[in-house]
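This is what each chain is made of:
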Amino acid sequence: MRTFDLAPLYRATVGFDQVADLMDRVLAGETTQNNYPPYNIEKTDESAWRISIAVAGFGADDLAVEVRENALIVTARKAEDDQEGRTFLHRGIATRAFERRFHLADHVKVTGASHLDGMLHIDLVREVPEALKPRRIEISSQKPQDANLIEEKSVN
């Protein structure tokens, strides 16, 4: 097991708390992360992604997708009444309840979810507000004009 002390990072930086928190989550979840259910993360565009989760045995009513505090939370719970009166000789399709969390970066929004052929697809897009987008400043060749310039009057 690896242990890292991130205290020097907190002392030497200002405003990078999210990066340090992300590193803490990654390092802490390294050994405790469950691999069920399997999933893919696919980049579909410059600022768009799709998370595909294998949810064989679950219907759309058994699944829930929620966004809370920059976290995407996918949960599944199979209704117990579906199993009544059935006898399995072999049960290889796991339908145990699960919760899978994905931390979303700033300005990443969930645009939709679909359930098709045993796969849950969740589409994400980064929507950067206009105020935060880079903008080009035109450079003029005229004399600069300073609105706060006060001309001093010489007293003779």
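What comes next concerns the included structure. (Residues numbered from 1 in each chain as written. Predicted model: local features only at pLDDT ≥ 70, side-chain atom pairs only at ≥ 80, totals over all residues. Heavy atoms only, no water.)

Some words on the packing of aromatic side chains
For the coordinates displayed, the defined rule picks out three aromatic pairs. Here Tyr-39 and Phe-102 contribute two aromatic rings whose centre-to-centre distance is 5.1 Å and whose plane-to-plane angle is 85°, an arrangement assigned as edge-to-face. Of this pair, Tyr-39 sits in strand E1 (residues 39–45) while Phe-102 sits in strand E5 (residues 98–103), and the two are 63 residues apart along the sequence. Ring geometry for Phe-58 against Phe-98: centres 5.8 Å apart, planes inclined by 85°, an arrangement best described as edge-to-face. Of this pair, Phe-58 sits in the loop between strand E2 (48–54) and strand E3 (63–68) while Phe-98 sits in strand E5; the two residues are 40 residues apart in sequence, bridging distant segments of the chain. Look at Phe-98 and you get buried, because its relative accessible area is 7%. (Phe/Tyr/Trp six-rings, centres within 6.5 Å; stacked < 30°, edge-to-face > 60°. Helix = DSSP H or I, 4+ residues; strand = E, 2+ residues; numbered from the N terminus. Buried < 20%, exposed > 50% of the residue type's maximum accessible area, 1.4 Å probe, protein only.)

Points about the side chain of His-121
Note that His-121 resides in strand E7 (residues 119–126). In terms of polar contacts, His-121 uses its side chain to reach the side chain of Ser-52, at 2.8 Å. Non-local contacts of His-121, meaning those with residues more than four positions away in its chain, are made with Arg-50, Ile-51, Ser-52, Gly-112, Ala-113 and Ser-114. (Polar contact = N/O pair within 3.5 Å; in protein donor to acceptor, adjacent residues only side chain to side chain. Contact = heavy atoms within 4.5 Å.)

Some remarks on the sheet that holds E2
Read across the sheet, four strands follow the order E1-E2-E7-E6 without closing on themselves; strand pairing throughout is antiparallel. The open sheet has two edge strands, E1 and strand E6 (108–116), and neither has a second partner. Averaged over all pairs of adjacent strands, the angle between strand axes in this sheet comes to 20°, irrespective of strand direction. Pairing analysis gives eight bridges linking E6 to E7, with the strands arranged antiparallel. Within E7, the position partnered with Ser-114 by the bridge is His-121. (Pairing = 2+ DSSP bridges. Axes fitted to C-alpha atoms, helices over the stretch in contact; angles between N-to-C directions.)

Things to note about the layout of surface pockets
In this model, the second largest pocket occupies a volume close to 180 Å³. Lining the second largest pocket we find Ile-41, Trp-49, Ile-51, Phe-102, His-103, Leu-104, Ala-105, Val-108, Leu-124 and Arg-126. Going through the elements one at a time, E2, E5 and E7 are the ones with two or more residues in the lining of the second largest pocket. Of the residues assigned to the lining of the second largest pocket, the class counts are eight nonpolar, one polar and one charged. (1 Å grid on protein atoms, 1.4 Å probe; cavity = no way out; pocket = protein on both sides within 12 Å on 5 of 7 lines; lining within 4 Å. Points joined across faces, edges and corners; volume = space filled by probe spheres on them. Nonpolar A, V, L, I, M, F, W, Y, C, P; charged D, E, K, R; others polar.)

Geometric values such as these leave the question of function open.
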